[in-house]
Amino acid sequence: NRRAPAPFAMHLASLRTCPAECLPAGGEHERWLVGRLDGEVSDHFGREGIVYLSPDAEEVLEAPLEAEKTYVIGGLVDGTVVKHASLRRAAALGVAAARIPLAEHAALGRSS
């Protein structure tokens, strides 16, 4: 990442309210080279610059990504998919939401 043309920072957020099962057993995440935030992402970054990535958002995420924005990937450890959960979370935080344009660029759900 340090040698990448556009390096980025990664953070784990909401750790204070994260149940034990949302993090790897044995504290493996402590070795990850990421920032750790106890509070909500909106407590640490300005709401106007946050974009919550949600498969249910109407707005499509456009390239190139904006360096001054904070992009939130929610639910990485969800055991099940709850429709509209990330979109509702973005609305509750009062932040923008966008979806990654997978349907436009990949043949998902089709077997060949």
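Residues numbered from 1 in each chain as written. Predicted model: local features only at pLDDT ≥ 70, side-chain atom pairs only at ≥ 80, totals over all residues. Heavy atoms only, no water.

Looking at this structure, how should I read the pattern of salt bridges?
Should the charged atoms of two oppositely charged side chains come close, the side chains can pair. For the structure on display, the rule yields four salt bridges. Of the charged contacts in the structure, one is a salt bridge between Glu30 and Arg36, with a shortest N-O distance of 3.6 Å. Since its relative accessible area comes to 33%, Arg36 is described here as partly exposed. Between Asp56 and Lys83 there is a salt bridge whose closest N-O contact spans 2.8 Å. A residue pair is termed long-range when its members are at least 10 positions apart, and Asp56 in the loop between β3 (50-53) and β4 (70-73) and Lys83 in the loop between β4 and α2 (85-93) qualify at 27 residues. (Salt bridge = Lys/Arg side-chain N within 4 Å of Asp/Glu carboxyl O. Buried < 20%, exposed > 50% of the residue type's maximum accessible area, 1.4 Å probe, protein only. Helix = DSSP H or I, 4+ residues; strand = E, 2+ residues; numbered from the N terminus.)

How do you make sense of the pairing of β3 when you look at a structure like this?
The side chains of a regular strand alternate, residue by residue, between the two faces of the sheet. Here β3 shows a buried face lined by Ile50 and Tyr52 and a second buried face lined by Val51 and Leu53. When β3 meets β4, the two strands line up parallel, connected through four bridges. Across the sheet, the residue bridging to Ile50 is Thr70, located in β4. Both β3 and strand β5 (residues 96-98) contribute to a ladder of three bridges, which runs parallel. (Pairing = 2+ DSSP bridges.)

Explanation requested: the side chain of Arg99 in the structure shown.
Topologically, Arg99 is positioned in the loop between β5 and α3 (102-105). A distance of 2.7 Å separates polar atoms of two side chains, one belonging to Arg99 and the other to Glu104. (Polar contact = N/O pair within 3.5 Å; in protein donor to acceptor, adjacent residues only side chain to side chain.)

Got a minute to help me understand α2 in this structure?
Among the residues making up α2, those that are buried are Ser86, Ala90 and Leu93. Down the axis of α2, the buried set is contained in an arc of 70°. They therefore lie on one face. Facing away from the buried side of α2 by more than 90 degrees, the exposed set consists of Ala91 and Ala92. Directly beyond the C-terminal end of α2, a positive phi value near 70° is found at Gly94. (Arc of directions from axis to C-beta.)

What should I look at first to understand the sheet that holds β4 in this one?
Hydrogen bonding along the main chain pairs the strands of a sheet, whether they run parallel or antiparallel. Read across the sheet, three strands follow the order β4-β3-β5 without closing on themselves; strand pairing throughout is parallel. The open sheet has two edge strands, β4 and β5, and neither has a second partner. Pairwise comparison of adjacent strand axes, ignoring direction, gives a mean angle of 30° for this sheet. Those strands touched by α2 are β3 and β5, and its axis lies near 160° from that of β3. (Axes fitted to C-alpha atoms, helices over the stretch in contact; angles between N-to-C directions. Contact = heavy atoms within 4.5 Å.)

Would you mind showing me how to read the confidence of the model for the protein here?
Low-confidence regions, as indicated by low pLDDT, have predicted coordinates that should not be scrutinised in detail. Considering every residue of the protein, the mean pLDDT works out to 83; 89% of them sit at 70 or more. Between the elements of the protein, mean pLDDT differs from a low of 79, seen in α3, to a high of 95, seen in β5. (pLDDT = per-residue confidence, 0-100.)

Looking at this structure, I do not really get unusual backbone geometry. What am I missing?
Most of the time, phi is negative for any residue but glycine, and the peptide bond is trans. Of the consecutive residues Ala63 and Pro64, the connecting peptide bond is found in the cis state with omega at -5°. By the element assignment, Pro64 lies in the loop between β3 and β4. The backbone of Ser14 shows a phi angle near 60°, a positive value even though the residue is not glycine. Here Ser14 is to be found in the loop between β1 (11-12) and β2 (35-36). One non-glycine residue, His84, lies in positive phi territory at about 70°. Tracing the chain through its elements places His84 in the loop between β4 and α2.

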